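Observations on the three-dimensional arrangement
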Amino acid sequence: MPCRLPFDGATSKEKSREDNALDREDKPSLGGRLQPLVAGVLAFALLLAGLWPISSWIRQRGLADLANRSGHVLTLVVETLHGELAKYKSTPFLLAHNPRMTRIVTGVASQEEVAAANAELSRLAQVTDASDIYLMNTTGTTIATSNFDLPRSFMGQNFSYRPYFIEAMKGRLGQYFALGTTSGERGYYFAHPIFEGRYVVGVAVVKIQVGKIEAAWRASDHEIMVVDDDGVVFLSSQPGWVMRTLAPLSDEVRARIAEHRRYDGHTLLGLDMDLGKAEAGIGTLVKLATPSPTPSAGETLAERAGRTVARAQPAKLPYLMQSRAMADAGWTVHIFARTAAVTRQTNTALALILATLTALGLAAFALYQRRRRVSERMQLQASINAELERRVAERTDALTRANLLLEEEVSERRRAERELRQTQSDLVQASKLAALGQMSAGLSHELNQPLAAIRSYAENARKFLARERFDTADANLGLIGDLTERMARIIRHLRTFARKEPTTVRPTLVARAIEDSLALLQRKISDAGAHVSLDIADHSMLAIAGEVRLQQVIVNLVCNALDAVKDGPMRNIDITAREEDGAIVIIVSDSGPGIAQEDLANVFDPFFTTKDVGEGLGLGLSISYGIVQQFGGEIVARNHNAGGAAFEIRLRSALTATETAA
Ligand code: ADP
């Protein structure tokens, strides 16, 4: 399992602590969540509280508008009524100043004159569209009338109870509204006194049918009523309101009305009306029911059928009432505007405001929530960043420490490597000296032998010189020279071999290294009775190596081969050197017993030996292996087919290496 570096993430405990911290930051507390809720409820309550004045302001504005419009209509109605009355006001005046009429009322006129007056009054009524025009004498009896030829003729009827007559008899203009006792129709009366001298001798009366005016009102959006000075509605756009009172009538008033037979046949019930508060400059808010029309004595069945259908309990509707007095007529005109539309408008406006404010509130809430989330996320991010920075600092610290340790370890390794190299080099040198030691017996023999020969040649040369056998002496001196040359070569080889070579590599002549090695071992080979065959393909082959170290490797391998063959019947050692696939391959094989299969993997191990104590240290192959490694080559051990051991050294060719470098 790979060991974990100190910076390789936090421990699980740390992690859960961090996660918890993150969890805590991610979830707002209950108080945090309630806060905007409470604020929202408060804002909504404030909004509702604020809506109340807004709603009444909107309603007031609506009512003011309505009042303004209905005020115009009221003015129009009053003006129309004024105009209508004014049209007829002068008629009785003109009649009163007509001498023929005076003659009629004073009773001095003939039957023909009366008939002519009747016809004239009838024509006048037609022309002016008056209901009736008639003349009364001082007793109140009608003595000439426009309706003389109709079934409901006033002729001979006495209307002395009518206030307009009473008023006119006092010499003043009598004005009066009442139901016609004969016709049952609502009418307005103008009565003018007919003077003869200073005395009132009769009364000229014109009666107008006011019912026609109502027809125009019904097309209006407004309800209109005209009330007499007792509070009795006698004209209205709503038939159900006619002949009803705005307030209950006192007995006294009822008695007077009965006396004047003003509303004959009507009980004068009260209107079902709730008076609300009067708004300055606007009017009075009322609630008013619309009952079915009260039947009157003069009303026909057809007329009654045309009126509003009777309802059991008519509902009260809200109206804005405005009133204006018509002082000269003794009337008050009330106009009723329906406030339902204003209420609807107010509600619509309120609903709109509420919807807008709610939408704004929701948008504000959404914005607030968004900002809160963003700020929470930023806080979370900041805390994560801080945590990350802390961890990075921690890990950096650990990394720095680990780095320092690593550096220390590296320098320790380097030192160890240096020491190892030094030891190896010392070992190489030591083994070389050991090999020299081994060879020393042979070498001393190698030197002693020519030395002895030189001595005997020298002695012989002296003798030949004494005998003046100069040629023979010269031949002996030549032999001495050859022998010293041979000795010098041996010593040179020894010196070279003993030299401590630097660990660097350079192009080395392979043939020379092999031959020099064999020269050193010459004696040992011959002592062992071995036969060494040398097969060098090309004497100019250059390998990347070091001359002394390559010699040392070959000396080691040949020494081992000599050891291997020394007890055998055949004592052959073969050395081949050739170039193969750009590498230089040197093989040292022998006719010995070979290497045991199980030892093949161990022969290069230091101190591995199968030799007896004192014969082998087990370092030769290990040192050779190290040297070949230094050269960038390789050495392997195997057994060849004939049974002996074969060691194959594979070195880089200097030629190939140069070519590659080039
Ligand atoms: P040493 O010769 O001191 O034992 P070496 O490292 O040179 O140490 O050799 C290690 C061993 O390898 C030898 O003891 C021997 O068993 C085996 N060995 C080396 N060369 C040969 C060879 N030519 N034939 C058989 N065995 C060999």
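Look above for the structure.
Conventions we followed
Residues numbered from 1 in each chain as written. Predicted model: local features only at pLDDT ≥ 70, side-chain atom pairs only at ≥ 80, totals over all residues. Heavy atoms only, no water. Near = heavy atom within 4 Å. Polar contact = N/O pair within 3.5 Å; in protein donor to acceptor, adjacent residues only side chain to side chain. Areas by Shrake-Rupley, 256 points an atom, 1.4 Å probe, with all protein chains shown as cover. 1 Å grid on protein atoms, 1.4 Å probe; cavity = no way out; pocket = protein on both sides within 12 Å on 5 of 7 lines; lining within 4 Å. Sits in = over half its atoms within 2 Å of the grid points. Helix = DSSP H or I, 4+ residues; strand = E, 2+ residues; numbered from the N terminus. Nonpolar A, V, L, I, M, F, W, Y, C, P; charged D, E, K, R; others polar. Salt bridge = Lys/Arg side-chain N within 4 Å of Asp/Glu carboxyl O. Buried < 20%, exposed > 50% of the residue type's maximum accessible area, 1.4 Å probe, protein only. Points joined across faces, edges and corners; volume = space filled by probe spheres on them. Pairing = 2+ DSSP bridges. Phe/Tyr/Trp six-rings, centres within 6.5 Å; stacked < 30°, edge-to-face > 60°. Axes fitted to C-alpha atoms, helices over the stretch in contact; angles between N-to-C directions. Contact = heavy atoms within 4.5 Å.

Some words on the site of the ligand
Lining the immediate environment of the ligand, one finds 19 residues, of which Asn560, Asp590, Thr609, Thr610 and Lys611 sit closest. Measuring from an oxygen atom of the ligand, one finds a side-chain N or O atom of Asn560 at 2.8 Å. For the ligand, an oxygen atom lies 3.4 Å from a polar atom in the backbone of Gly620. Protein coverage of the free-state accessible area of the ligand, which is 530 Å², stands at 91%. Mapping the ligand onto the cavity grids shows that it belongs to the largest pocket. When residues of the shell around the ligand are traced back to their parent elements, those giving at least two are α12 (547–565), α13 (620–630) and β20 (645–652). With three residues, α12 is the single largest residue contributor to the shell around the ligand. By residue class, the composition of the shell around the ligand is ten nonpolar, seven polar and two charged.

Description of the pattern of salt bridges
Evaluation of the coordinates by the stated rule reveals 29 salt bridges. Between Glu223 and Arg338 there is a salt bridge, with the nearest N and O atoms lying 2.5 Å from each other. Of this pair, Glu223 sits in strand β6 (residues 223–227) while Arg338 is found in strand β13 (residues 331–338), placing the two residues 115 residues apart along the sequence. Classification of Glu223 as buried rests on a relative accessible area of 6%. Across the salt bridge formed by Asp230 and Arg262, the nearest N and O atoms sit 3.5 Å from each other. One end of the pair, Asp230, is in the loop between β6 and β7 (233–236); the other, Arg262, is in the loop between α7 (251–260) and β9 (269–270), with 32 residues separating them in the sequence.

Description of empty space enclosed by the protein
For the structure shown, the criterion picks out two cavities of 30 Å³ or more. Taken as a whole, the largest cavity holds about 110 Å³ of empty space. If you trace the largest cavity, you find it lined by Gln424, Ser425, Val428, Gln429, Lys432, Lys500, Glu501, Pro502, Thr503, Arg549, Ile627 and Gln630. Sorting the residues of the lining of the largest cavity by element identifies α9 (340–466) and α13 as the ones contributing at least two each. Considering each element in turn, the lining of the largest cavity owes the most residues, five residues, to α9. A class-by-class count of the residues in the lining of the largest cavity yields three nonpolar, five polar and four charged. Roughly 40 Å³ of volume is contained in the second largest cavity. In terms of lining residues, the second largest cavity is bounded by Tyr134, Phe154, Phe159, Arg162, Tyr164, Gly180, Thr181, Thr182, Tyr189 and Lys207. Residues that form the lining of the second largest cavity fall into these classes: five nonpolar, three polar and two charged.

Some points on the pairing of strand β17 (residues 572–580)
Regular strands place side chains that alternate from one sheet face to the opposite one. Of the strand pairs in this sheet, strand β15 (residues 531–536) and β17 are connected by six bridges, and their pairing is parallel. In the strand pairing of β17, Val532 is matched with Ile573. Relative to strand β18 (residues 583–590), β17 runs antiparallel, the two being bridged by eight bridges. When the sheet's bridge partners are listed, Glu580 is paired in β18 with Ala583.

What to know about the packing of aromatic side chains
As enumerated under the stated definition, the model contains 17 aromatic pairs in all. Centroid distance Trp241 to Tyr319: 6.0 Å. Interplanar angle 85°. Geometry classified as edge-to-face. On the criterion of sequence distance, the pair formed by Trp241 in the loop between β7 and β8 (244–245) and Tyr319 in strand β12 (residues 316–326) is long-range, its members being 78 residues apart. Note on accessibility: Trp241 and Tyr319 belong to one class, buried.

Regarding the layout of surface pockets
Approximately 1200 Å³ is the volume found for the largest pocket. Within the residue set of the lining of the largest pocket, elements represented by two or more residues are α9, α11 (510–528), α12, α13 and β20. Here the lining of the largest pocket is built from residues that sort into 19 nonpolar, eleven polar and nine charged.

So, the sheet that holds strand β2 (residues 142–145)
If you walk across this open sheet you meet the five strands as β2-β1-β5-β4-β3, and the pairing is antiparallel. The sheet is open, and its two borders are formed by β2 and β3 (174–179), each paired with just one other strand. Each adjacent strand pair in this sheet contributes to an overall mean axis angle of 25°, direction not counted. Bridge count between strand β1 (residues 132–137) and β2: three bridges; the pairing is antiparallel.

Concerning the pairing of β18
Among the eight residues that make up β18, eight are buried, leaving the element largely enclosed by the rest of the structure. Where burial is concerned, the two faces of β18 agree: the one with Ala583, Val585, Ile587 and Ser589 and the one with Ile584, Ile586, Val588 and Asp590 are both buried. Counted between consecutive antiparallel strands, the loop separating β17 from β18 contains two residues, among which Asp581 sits at a positive phi close to 55°.

Thoughts on the environment of Thr182
With respect to the helices and strands, the residue Thr182 is situated in the loop between β3 and β4 (186–196). Using a relative accessible area of 29% as the deciding quantity, one classes Thr182 as partly exposed. In the structure, Thr182 is positioned 30 residues away from Arg152 in sequence and 6.2 Å away in space, judged by C-alpha atoms. When residues no more than four places from it in sequence are discounted, the contact partners of Thr182 are Arg152, Phe154, Gln157 and Phe159.

With respect to unusual backbone geometry
Of note in this structure, Met243 is not a glycine but carries a positive phi near 65°. The topology assignment puts Met243 in the loop between β7 and β8. Positive phi, close to 60°, is recorded for Glu468, a residue that is not glycine. Following the sequence through the fold, Glu468 ends up in the loop between α9 and α10 (470–498). Look at Glu468 and you get exposed, because its relative accessible area is 58%.

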